[in-house]
Amino acid sequence: MFKLGLCQMKGSFEKQESMRIAEQFIREAAEHGAQVVSLPEMWNCPYANQYFREYAETADGAAVTFLSKLAAELNIYLIGGSIPELCGGNVYNTSFSFDPHGNMIGRHRKVHLFDIDVKDGIRFMESETLTPGEDMTILDTEFCKIGVAICYDVRFPEWFRKMTLAGAKLIVLPAAFNLTTGPAHWDLTMRARALDNQVYFAANSPARDEAGPYQAYGGSCIVDPWGRFLSHTDEKEGIVYGDIDLDYVASVREQLPLLKHRRENLY
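Just so it is clear, the structure is predicted and the values come from calculations on it, not from any experiment.

**A look at the packing of aromatic side chains**
- Counting across every chain of the model gives 15 aromatic pairs.
- Both rings, one in Tyr-47 and one in Phe-124, keep their centres 5.3 Å apart while their planes meet at 45 degrees; by these two values the pair is tilted. Within this pair, whereas Tyr-47 is found in the loop between strand S2 (36-38) and helix H2 (49-55), its partner Phe-124 is found in strand S8 (residues 123-125), the two being separated by 77 residues in sequence. As far as the burial class goes, Tyr-47 and Phe-124 line up, both buried.
- Aromatic pair Tyr-77 and Phe-143: ring centres 5.9 Å apart, planes at 65 degrees, arrangement edge-to-face. A residue pair is termed long-range when its members are at least 10 positions apart, and Tyr-77 in strand S3 (residues 77-79) and Phe-143 in the loop between strand S9 (137-140) and strand S10 (145-148) qualify at 66 residues.
- Note on Tyr-77: relative accessible area 9%, which makes it buried.
- On the accessibility criterion, Phe-143 (22% relative accessible area) is partly exposed.
- A connected cluster of aromatic rings, assembled from ring pairs, spans Tyr-47, Phe-52, Phe-114, Phe-124, Tyr-152, Phe-156 and Tyr-214.
- The ring of Tyr-241 has Lys-3 lying over it, and the distance from NZ or CZ to the ring centre is 4.8 Å.
- Above the plane of the ring of Tyr-92 lies Arg-109, whose end atom (NZ or CZ) is 4.0 Å from the centre.

**Describing the side chain of Arg-193**
- Structurally, Arg-193 can be placed in helix H5 (residues 181-197).
- Summary of buried charges: Arg-193 has no salt-bridge partner, and the nearest side chain of opposite charge, Asp-196, is 4.0 Å away.
- Discounting chain neighbours no more than four positions away, the residues touching Arg-193 are Val-154, Pro-157, Phe-160, Val-199 and Phe-201.

**Section: the environment of Glu-134**
- Take Glu-134: it is sitting in the loop between S8 and S9.
- Taking the C-alpha atoms as reference points, Glu-134 and His-112, 22 residues apart in sequence, are found 9.1 Å from one another.

**Here's the deal with the sheet that holds S9**
- Spatially, S9-S10-S11-S12-S13-S14 is the arrangement adopted by the 6 strands of the open sheet, whose pairing is mixed. Either end of the sheet is taken by a strand with one partner, and the two such strands are S9 and strand S14 (229-232). Put simply, the sheet's adjacent strands are angled 15 degrees from each other on average, direction ignored.
- Judged from the 3 bridges that link them, strand S13 (residues 221-223) and S14 form a sheet pairing that is antiparallel. Looking at S14, one finds that Cys-221 is bridged to His-232.
- In the packing of helix H4 (residues 157-165) onto the sheet, contacts are made with S9, S10, strand S11 (168-174) and strand S12 (200-204), and the angle to S11 comes to roughly 140 degrees.

**A word on the pairing of S10**
- Alignment of S9 against S10, held across 4 bridges, turns out to be antiparallel. Opposite Thr-137, over in S10, you have Val-148 as the bridge partner.
- Here S9 hands over to S10 after 4 residues, the two strands then running antiparallel side by side.
- When S10 meets S11, the two strands line up parallel, connected through 4 bridges. If you follow Lys-145 over to S11, its bridge partner there is Ala-168.

Criteria and thresholds
Position labels on residues start from 1 in each chain and follow its written sequence. Only residues with pLDDT of 70 or above have their local features reported here, since the model is predicted, and side-chain atom pairs are shown and tallied only from 80 upward, although totals for entire chains, interfaces and linings are computed over all residues. Values reported for side chains reflect all heavy atoms of the structure, with hydrogen atoms and water molecules removed beforehand. Any Phe, Tyr or Trp ring, taking Trp's six-membered ring, that has another such ring centre within 6.5 Å forms a pair; planes under 30 degrees apart are called stacked, those over 60 apart edge-to-face, and the others tilted. Runs of E in the DSSP output that reach at least two residues are strands. Runs of H or I that reach at least four are helices, and both are numbered from the N terminus. Burial here depends on accessible area, computed with a 1.4 Å probe over protein chains only, as a share of the maximum for the residue type. Under 20% is buried, over 50% is exposed, and the range in between is partly exposed. Lysine NZ or arginine CZ positioned within 6 Å of the ring centre and within 35 degrees of the ring normal marks a charge as sitting over the ring. Residues scored as charged are limited to Lys and Arg (positive) and Asp and Glu (negative), so that His and the chain ends carry no count. When a carboxyl oxygen of Asp or Glu lies within 4 Å of a side-chain nitrogen of Lys or Arg, that pair is called a salt bridge. In this analysis, two residues are considered to be in contact whenever any of their non-hydrogen atoms come within 4.5 Å of each other. Here the rule is simple: two strands pair whenever DSSP picks up at least two bridges between them. Fitting a line to C-alpha atoms yields each axis, with helices limited to the stretch in contact; the angle taken between N-to-C directions then spans 0 to 180 degrees.

Laid out in structure tokens, this is it:
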């Protein structure tokens, strides 16, 4: 068993201030016993297309260096939410993850870009600025294998089944649903991904910033392998904690052996 902490923070237009806020949350989570800590999607950048390239950094930039050093200092696994990453002229929505020695153990580039135009709702076209990633990300930790994906990736259940078959027992999703999709689909989707794959599923949203360019739904949560919420918050800043019990994963899979009952000869 190990303790997970999700930092639902509200960033700033100033990168240094965003790092200061992130550090405050990460330190608090570690002080409360979290051994794996996560940040939300685009925690150091306003969530709008016009800012992604302006705020983008390379993999050896200030944000990644900051996260690496903090993971090592606090002796935690740190899933660094996501930031805009600049590489080869492209900008990616990327999650960098680190082990307790500060070594980078994962770099997930958001695979499915959020290109939507909801009637009477929101229009947002990430592909106007961002380039999609191509790879699945599984972190090898001392506790278990942890899958990492980002926001709109969660709409594609095949991706998470693939993570499960690769051995993931916990999946962490930095995500920023909006005020149209959040009330309709946030809770339902996170519970479904946990239930279908019999994993712990943790969704880490930013806190809602009513003065910002994008209104995040919030609601960071941890769901157990039976599809029940271990913990759930509202739209405000805070930290969500949950104990990840790997024996319980095994128990659920034994009682209801969904993965064993797959008809691979048919689908």
